[in-house]
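One-letter residues, chain by chain:
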Amino acid sequence: MTDRTYPDDTVGSFPPPPAVFTDGDGREIRIRESGRDDLDALVAMYEDFDPADRAQGIPPIDPDAIREWLDTIVSPDAVTVVTEHDGRPVGHAILVPDSGEGYELAIFILDEYQGAGIGTRLLEHLLGQGQAAGVDKVWLTVERWNEAAIALYRKIGFETSGSESFELEMSIRI
Amino acid sequence: MKVLLGTGGREDGFDALVRTLERTQEAGDDLTVAVLETSSDADVESVASDVRERIAASGIDAEVRVLDGHPGSQLVEFAESEEFDRIVLGGGQRSPLGKIDLGEVAEFVLLNADVSVTLIR
């Protein structure tokens, strides 16, 4: 889409990975850049993903469909960051280039790791990695009823850019 | 069953046409295809001629109507006035990340139609 709008002002700088922190439940969480070498581990993470947390058809449910989806989106042009606990991925966030100048963002966190501050850290480091890679404009869509996610995106600096469809569209300039 | 398929110039609308033609043959439905003035860049008349070609190739006898104006409301009004049993639409475009984007026509029709609506995936 070419008519997507972004805020006029950039939001300050975000930290790039790697990082280590203790989450709200006392777990040691690592954040690092990820890529195609992590596909097997990411497929395993998405197989454990709570179907109730799916959004607009992703992630797929069938393991083969998960692999095909990841194989498409985790491209050399994408920016991807993973959070790990005890050496396995528990969260994954990604920026995928659209047909214009922007990048679409999505973030997924396993159910038992939600509500512990991981989403905020993961998003900040994803945007930090994006800044390092020269990404400027980022957008996302989110279900209107998903107040927790919308509040998180606002806290990071996203602004509503489209509200005329089923999903709310938000964007940020970094 | 009297079935009304609505399509603009988008890929999901064309996929829906192909699948609906198969279904029409199996079920013996009475199919009409409405070509809509959507926000896609495609020209309505060229979409209509692509649609006619595809229908002719299938061997099915289906009427093609071009509906001018606001696509969702024109489709719903046409479905009501011509007493269709069902409206069929494409199941949405995929975003770069693979998310489904339903689009304004599907949203309007789902919320305003008083007949059943089928989205084709």
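Residues numbered from 1 in each chain as written. Chains lettered and ligands numbered in written order. Predicted model: local features only at pLDDT ≥ 70, side-chain atom pairs only at ≥ 80, totals over all residues.

### A few points about the overall build of chain B
Counting its regular elements, chain B contains 4 helices and 7 strands. Starting at the N terminus, the α and β elements of chain B follow one another as β-α-β-α-β-α-β-β-β-α-β. Here chain B has a C-alpha radius of gyration of 13 Å; the compact-globule value for 121 residues is 14 Å, and the two agree. Taken over the C-alpha atoms alone, chain B extends approximately 35 × 30 × 25 Å along its principal axes. For chain B, buried positions account for 36% of its 121 residues. Across chain B, the fraction of contacts at a sequence separation of at least 24, relative to all contacts at a separation of at least 6, is 73%. (Helix = DSSP H or I, 4+ residues; strand = E, 2+ residues; numbered from the N terminus. Rg over C-alpha atoms; globule rule 2.2 N^0.38 Å. Buried ≥ 20, exposed ≤ 12 C-beta atoms within 10 Å, placed from the backbone. Contact = placed C-beta atoms within 7 Å.)

### A look at the pairing of strand S2 (residues 30–36) of chain B
All names here are of chain B. Most of S2 is tucked away, with 5 of its 7 residues classed as buried. Relative to S2, strand S1 (residues 2–7) runs parallel, the two being bridged by 6 bridges. Bridging across to S2, Leu 4 finds its partner in Thr 32. For the crossover that starts at S1, traverses helix H1 (residues 11–27) and ends in the parallel S2, the hand is right-handed. Where S2 and strand S3 (residues 63–67) come together, 5 bridges link them in parallel fashion. When the bridges of S3 are listed, Leu 36 appears paired with Leu 67. (Pairing = 2+ DSSP bridges. Right-handed = clockwise from strand over helix to strand, strands pointing away.)

### Thoughts on the interface of chain A and chain B
Taken together, the contact between chain A and chain B spans 15 residues of the former and 9 residues of the latter. Going through the elements one at a time, helix H2 (63–73), strand S4 (88–97) and strand S5 (102–109) of chain A are the ones with two or more residues in the side of chain A that touches chain B.

### Considerations on the packing of helix H1 (residues 39–47) of chain A against H2(A)
Residues and elements named next belong to chain A. Contact geometry for H1 and H2: axes closest at 10 Å, N-to-C directions at 130°. Between H1 and H2, the angle is such that the two are oblique. Helix-helix and strand crossings are classified by hand; for H1 and H2 the assignment is right-handed. Judged by residue contacts, Leu 39, Leu 42, Val 43, Tyr 46 and Glu 47 of H1 engage Pro 63, Ile 66, Arg 67, Leu 70 and Asp 71 from H2. Class assignment for the residues of the contact of H1 with H2 results in 7 nonpolar, no polar and 3 charged. (Axes fitted to C-alpha atoms, helices over the stretch in contact; angles between N-to-C directions. Parallel < 35°, antiparallel > 145°, perpendicular 65-115°, else oblique. Left-handed = near helix turned anticlockwise from the far one by under 90°. Nonpolar A, V, L, I, M, F, W, Y, C, P; charged D, E, K, R; others polar.)

### Thoughts on H1(A)
Side chains of residues three or four places apart in an α-helix project in the same direction, reflecting 3.6 residues per turn. Residue and element names in this part refer to chain A. All buried positions along H1 are accounted for by Leu 42, Met 45 and Tyr 46. In a view along the axis of H1, the buried residues occupy a sector of 95°, so they form one face of it. In this structure, the buried residues of H1 make contact with H2 and S4. (Arc of directions from axis to C-beta.)

### Observations concerning the packing of helix H3 (residues 118–132) of chain A against helix H4 (residues 147–156) of chain A
All names here are of chain A. Following both chains from N to C, one finds H3 and H4 inclined at 45°, their axes separated by 10 Å at the closest point. Taken together, the axes of H3 and H4 are oblique relative to one another. Seen along the crossing, H3 lies across H4 with a hand that is right-handed. Two secondary-structure elements touch here, H3 through Gly 119, Thr 120, Leu 123 and Glu 124 and H4 through Leu 152, Lys 155 and Ile 156. Grouping the amino acids of the contact of H3 with H4 by side-chain chemistry returns 3 nonpolar, 2 polar and 2 charged.

### Here we look at the sheet that holds strand S1 (residues 19–22) of chain A
Residue and element names in this part refer to chain A. On the basis of which strands lie adjacent, the open sheet formed by 8 strands has the order S1-S2-S3-S4-S5-S6-S8-S7 and mixed pairing. The two strands at the open ends of the sheet, each matched to only one other strand, are S1 and strand S7 (159–162). Strand after strand, the sheet turns through a mean of 30° between neighbouring axes, direction not considered. Sheet topology places S7 next to strand S8 (residues 167–173); 3 bridges connect them, and they run antiparallel. Paired with Glu 159 across the two strands is Ser 171, which belongs to S8.

### Examining the confidence of the model for chain B
In the predicted model, chain B carries a mean pLDDT of 93, and the fraction of residues at 70 or more is 100%. We note a pTM of 0.88 for the whole complex and an ipTM of 0.88 for its interfaces. (pLDDT = per-residue confidence, 0-100.)

### Quick look at the nonpolar core
In globular proteins that are soluble, nonpolar side chains generally tend to be buried together. A:Leu95, A:Leu126 and A:Val138 are the most contacted members of the largest nonpolar core, which has 42 residues in total. Look past the residues within four positions of A:Val138 in its chain and what remains in contact with it is A:Leu95, A:Gly102, A:Tyr103, A:Leu105, A:Leu127, A:Gly130, A:Ser171, A:Ile172 and A:Ile174. B:Leu17, B:Val76, B:Leu102 and B:Ala106 belong to the second-largest nonpolar core, a separate cluster that totals 26 residues. (Core = buried A, V, L, I, M, F, W, Y, C linked by C-beta atoms within 7 Å.)

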